[in-house]
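Inside the fold
Listed here are the chains, written in short residue letters.
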Amino acid sequence: MFRVEADATEGSTKVSPIRVFLDVLFVLIDIVKVIWYGLPILVIHIFRKFVPSKLKEVSGQTVLITGGGNGLGRALALDFASRGCNVIVVDIDLAAAERTCAELKRKRVAAYAYRVDVSSYEQVEALSDNVHKNVGPVDILVNNAGLVYFDFLHNTSVSMANRTIDINIKSHVWTTKVFLEKMMERKRGHIVGISSMSGMYAFPWAVVYSTSKYAVNGFMAAITEQLRLQGYGDQIQTTCVCPYYIATRNDIVDFLKKPRFKLLTTERTARVIVEGILRNEVILAIPPFFDLGVRIMQLFPVKIQQLVRDYIIREYELNS
Ligand SMILES: NC(=O)c1ccc[n+]([C@@H]2O[C@H](COP(=O)([O-])OP(=O)(O)OC[C@H]3O[C@@H](n4cnc5c(N)ncnc54)[C@H](O)[C@@H]3O)[C@@H](O)[C@H]2O)c1
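Structural notes, computed from the coordinates. All of these numbers come straight from a predicted model, not from anything done at the bench. (Residues numbered from 1 in each chain as written. Predicted model: local features only at pLDDT ≥ 70, side-chain atom pairs only at ≥ 80, totals over all residues. Heavy atoms only, no water.)

1. Regarding the packing of aromatic side chains
Any pair of aromatic rings gets described here by the distance separating the centres and the angle formed by the planes. The full count for this structure, using the stated rule, is eleven aromatic pairs. Aromatic side chains Phe203 and Trp205 sit 5.5 Å apart centroid to centroid with 25° between the ring planes, which places their arrangement in the stacked category. Each member of the pair, Phe203 as well as Trp205, carries the same accessibility label: buried. Both rings, one in Tyr244 and one in Tyr245, keep their centres 5.0 Å apart while their planes meet at 80°; by these two values the pair is edge-to-face. (Phe/Tyr/Trp six-rings, centres within 6.5 Å; stacked < 30°, edge-to-face > 60°. Buried < 20%, exposed > 50% of the residue type's maximum accessible area, 1.4 Å probe, protein only.)

2. Quick notes on the site of the ligand
Around the ligand, 28 residues are found, and the nearest of them are Asp91, Asn144, Tyr209, Thr248 and Arg249. Ile92 has a polar backbone atom sitting 3.2 Å from a nitrogen atom of the ligand. At a separation of 2.6 Å, an oxygen atom of the ligand approaches a polar side-chain atom of Tyr209. Contact with the protein chains hides 93% of the accessible area of the ligand, taken as 840 Å² for the molecule alone. At a threshold of 2 Å from the grid points, most atoms of the ligand map onto the second largest pocket. Put simply, the parts of the chain that give the shell around the ligand at least two residues each are α2 (71–82), α5 (158–186) and α6 (207–229). Classifying every residue of the shell around the ligand by side-chain character gives 14 nonpolar, eight polar and six charged. (Near = heavy atom within 4 Å. Polar contact = N/O pair within 3.5 Å; in protein donor to acceptor, adjacent residues only side chain to side chain. Areas by Shrake-Rupley, 256 points an atom, 1.4 Å probe, with all protein chains shown as cover. 1 Å grid on protein atoms, 1.4 Å probe; cavity = no way out; pocket = protein on both sides within 12 Å on 5 of 7 lines; lining within 4 Å. Sits in = over half its atoms within 2 Å of the grid points. Helix = DSSP H or I, 4+ residues; strand = E, 2+ residues; numbered from the N terminus. Nonpolar A, V, L, I, M, F, W, Y, C, P; charged D, E, K, R; others polar.)

3. Observations regarding the packing of α2 against helix α8 (residues 266–278)
At their nearest, the axes of α2 and α8 sit 9 Å apart, and the two run at 60° to each other. In terms of orientation, α2 lies oblique with respect to α8. Judged by the twist between their axes, the crossing of α2 over α8 is right-handed. When α2 is examined against α8, the residues Gly71, Leu72, Arg74, Ala75, Leu76, Asp79 and Phe80 are found in contact with a partner set consisting of Thr266, Glu267, Thr269, Ala270, Arg271, Ile273, Val274 and Ile277. Grouping the constituent residues of the contact of α2 with α8 by class yields eight nonpolar, three polar and four charged. (Axes fitted to C-alpha atoms, helices over the stretch in contact; angles between N-to-C directions. Parallel < 35°, antiparallel > 145°, perpendicular 65-115°, else oblique. Left-handed = near helix turned anticlockwise from the far one by under 90°. Contact = heavy atoms within 4.5 Å.)

4. Notes on the sheet that holds strand β4 (residues 140–143)
A sheet is described by the order of its strands in space; here seven strands give the open sequence β3-β2-β1-β4-β5-β6-β7, paired in parallel fashion. Of all the strands in the sheet, just β3 (111–115) and β7 (283–286) have a single pairing partner and so form its edges. For this sheet, the mean inter-axis angle between neighbouring strands, taken without regard to orientation, is 15°. Relative to β7, strand β6 (residues 236–243) runs parallel, the two sharing four bridges. Residue Pro243 lies in a different strand from β7, and its bridge partner there is Ile286. Packed onto the sheet, α6 meets β5 (189–194) and β6 and runs at close to 160° relative to β6. (Pairing = 2+ DSSP bridges.)

5. Notes on unusual backbone geometry
For the bond running from Ile286 to Pro287, omega is -10°, close enough to zero to count as cis. Mapped onto the fold, Pro287 is located in the loop between β7 and α9 (288–297). Positive phi, close to 55°, is recorded for Lys187, a residue that is not glycine. Structurally, the position occupied by Lys187 is in the loop between α5 and β5. A positive phi angle is found at Asn280, which is not glycine, with a value near 55°. Along the chain, Asn280 turns up in the loop between α8 and β7.

6. Some words on the pattern of salt bridges
Overall, the coordinates contain 14 salt bridges when judged by the stated rule. A salt bridge links Arg19 to Asp23; the nearest nitrogen and oxygen atoms lie 2.7 Å apart. Within this pair, Arg19 and its partner Asp23 are both found in helix α1 (residues 17–50), separated by four residues, close to a single helical turn. Judged by its relative accessible area of 43%, Arg19 is partly exposed. (Salt bridge = Lys/Arg side-chain N within 4 Å of Asp/Glu carboxyl O.)

7. Notes on the nonpolar core
By size, the foremost hydrophobic cluster in this structure holds 78 residues, and its most contacted members are Leu64, Leu76, Phe80, Leu104, Val142 and Tyr245. Look past the residues within four positions of Leu104 in its chain and what remains in contact with it is Ala77, Leu78, Ala81, Val87, Val89, Val109 and Ala111. (Core = buried A, V, L, I, M, F, W, Y, C linked by side-chain atoms within 4.5 Å.)

8. A word on the environment of Ala110
If you trace the backbone, Ala110 turns up in the loop between α3 (94–105) and β3. Residue classification places Ala110 among the partly exposed residues on the basis of a relative accessible area of 28%. The spacing of Ala110 and Ala81 is 29 residues in sequence and 8.7 Å in space, taken between C-alpha atoms.

Right under this line is the structure:
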């Protein structure tokens with residue numbers, strides 16, 4: 001779409017002082033514009049931290065959740081259903097997806113289970129065809145399926161690293177690619193990426209996992225900007241979710257010997273995530289102070305960041 005043309009002036013290095021002066025002046029004018037337009041947005045943003053905006057109405061809408069058979073995905077499915085949403089549960093484990101669907105139907109909503117390996121583009125494409133033919137368009141796509149895999153790099157096998165990258169990164173690209181087209185056609189939709197705090201703050205005991213979550217954050221940032229660039233910014237929303245550890249499985253609970261901060265509970269985290277989605281939050285860190293803490297910490301030299309890890313976060317005391 002975009003091509004870089006050879007510059008006719010290539011090779012010439014002389015720039016007149018007037019040109020430099022004008023360039024600096026225009027940049028300064030643009031900075032003033034950003035401050036002028038940005039200040040009211042900042043004030044509203046801070047105000048909304050104390051007085052949250054109303055949740056958007058989603059009753060009757062269709063939500064598709066990958067990895068909805070267990071853990072956080074299951075809890076998200078139940079929360080959406082309690083708000084009147086119909087839910088499509090996609091999981092590599094069909095029995096688990098069907099169990100979630102049975103629970104959803106008790107909430108008097110429509111529920112559909114699909115067995116799909118979301119790391120496979122072919123399977124995701126077939127899922128999209130089936131869903132659009134048999135259920136209808138998807139209003140909210142929740143990319144939740146993921147391998148929660150903690151180990152040092154030298155202990156991580158090549159196949160495990162590949163699988164983590166395929167499930168945790170590629171699945172987001174495939175599902176978004178196939179479901180976005182219909183959202184663009186309908187000029188409505190919401191794409192949610194379940195990332196992790198380890199996508200903002202590197203986990204040294206989970207190098208590949210952490211890497212995969214940094215990629216999810218990058219993907220969500222890029223797709224958000226693509227939608228804005230193409231004029232869909234107000235029609236198709238995005239939410240990138242970065243939670244701290246959640247007690248979804250016993251091995252996660254056992255992994256941290258003496259966590260400084262208590263693990264999040266699954267149901268409450270699901271509620272906070274759904275509310276963030278319904279407020280059209282673009283980045284949702286849970287708990288919120290972690291996000292702010294990480295951003296402040298990154299302003300300081302690495303050695304100071306390491307002191308924060310050693311004295312404040314203190315997660316090095318692992319059971320492994
Ligand atoms: N548990 C945590 O501490 C934590 C913290 C932050 C973020 N997260 C993220 O939340 C998401 C859910 O984590 P969880 O703890 O509920 O995990 P979980 O293992 O309890 O559930 C993951 C689900 O995804 C399914 N799944 C795995 N691979 C799949 C594939 N290839 N195709 C389709 N489905 C597949 C599994 O069958 C399972 O039902 C993950 O993306 C994880 O990275 C978890």
